[in-house]
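Results of the structural survey
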Amino acid sequence: PNGPIDAVKLATFYGCAQADPESKEAKKVAKEMGEQRTALRTALAAKASALSYAAAKASESGSTESSSATADALKMAVEEMKQWVSGPDDLKDDAEKVALALTLARYELARGRPGASLAELRKALAKVEPGSGKAAGELYDDFNGLLGRLGYEQWVTNTEESRAKYYPKATPPL
């Protein structure tokens, strides 16, 4: 899309019935609005994803002040994103869908809801295709990290065995 995205104009377009959706002008406007909506969704998801990564790193470092500020920024970014992204089907790329799952899981952790975070990660892991490599690795790493923090060491072992079965590490040929 050319120029800045006018969120109000975009919301108005999708919230109102169009007079003649079959005209050339209406099709042109619909295409432009679709491109803008996709760009807005991608931008909001990327912003929330970056903040979720920062929040995860801040909580690992143990600094409560920076962790709290980052968590607040993450909460605001996810709430803004949820206005335009209702679920993973709103995003086109598989990497964006995995990033959304990680973002929502970290958002739930920032809200103090580890059970909801586990549910987000389990839902995303169920949808990951075998052989997806890095995407599955990130989901498994966050999932196992959360299980470890909650004290479910047996589940961590079980998940690592499952991960090795479905996503074996490549071994060089002899």
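Residues numbered from 1 in each chain as written. Predicted model: local features only at pLDDT ≥ 70, side-chain atom pairs only at ≥ 80, totals over all residues. Heavy atoms only, no water.

Turning next to the overall build of the protein. Within the protein one finds seven helices and zero strands. Starting at the N terminus and walking to the C terminus, you meet the elements of the protein as α-α-α-α-α-α-α. For a compact globule of 174 residues, the expected C-alpha radius of gyration is about 16 Å, and the protein comes in at 20 Å, more than 25% above that figure. Dimensions of the protein along its principal axes, counting C-alpha atoms only, are 60 × 50 × 25 Å. Seen as two clouds, the 24 positive and the 25 negative side-chain charges of the protein have centres 2 Å apart. (Helix = DSSP H or I, 4+ residues; strand = E, 2+ residues; numbered from the N terminus. Rg over C-alpha atoms; globule rule 2.2 N^0.38 Å. Lys, Arg positive; Asp, Glu negative; His and termini not counted. Charge placed at Lys NZ, Arg CZ, Asp CG, Glu CD.)

Attention shifts here to the side chain of Thr159. Tracing the chain through its elements places Thr159 in helix α7 (residues 153–166). Contact partners of Thr159, with chain neighbours within four places excluded, come to Tyr140, Phe143, Asn144 and Leu147. (Contact = heavy atoms within 4.5 Å.)

Attention shifts here to the packing of helix α3 (residues 64–82) against helix α4 (residues 94–110). One can describe the packing of α3 onto α4 by two numbers: an axis separation of 10 Å at closest approach and a directional angle of 130 degrees. With respect to α4, the axis of α3 lies oblique. For the pair α3 and α4, the sense of crossing is left-handed. Across the interface between the two elements, Ala71, Leu74, Lys75, Val78, Glu79, Met81 and Lys82 from α3 touch Leu100, Thr103, Leu104, Arg106, Tyr107 and Ala110 from α4. (Axes fitted to C-alpha atoms, helices over the stretch in contact; angles between N-to-C directions. Parallel < 35°, antiparallel > 145°, perpendicular 65-115°, else oblique. Left-handed = near helix turned anticlockwise from the far one by under 90°.)

This part is about the pattern of salt bridges. Scanning the model with the defined rule gives nine salt bridges in all. Note that Asp90 and Arg41 form a salt bridge whose closest N and O atoms lie 3.8 Å from each other. With a gap of 49 residues between them, Asp90 in the loop between α3 and α4 and Arg41 in helix α2 (residues 24–61) connect regions that are remote in the sequence. The buried category is assigned to Arg41, whose relative accessible area is 15%. (Salt bridge = Lys/Arg side-chain N within 4 Å of Asp/Glu carboxyl O. Buried < 20%, exposed > 50% of the residue type's maximum accessible area, 1.4 Å probe, protein only.)

Before going further, it helps to examine the packing of α2 against α3. In contact at an axis separation of 9 Å, α2 and α3 are set at 160 degrees when each is read in the N-to-C sense. In this view, α2 runs roughly antiparallel relative to α3, as classed from their interaxial angle. Considering the relative orientation of α2 and α3, their crossing is left-handed. Side by side, α2 and α3 meet where Leu44, Ala45, Lys47, Ala48, Leu51, Ser52, Ala54, Ala55, Ala58 and Ser59 of the first sit next to Ser66, Ser67, Thr70, Ala73, Leu74, Ala77, Val78, Glu80 and Met81 of the second. Counted by class, the contact of α2 with α3 contains 12 nonpolar, five polar and two charged residues. (Nonpolar A, V, L, I, M, F, W, Y, C, P; charged D, E, K, R; others polar.)

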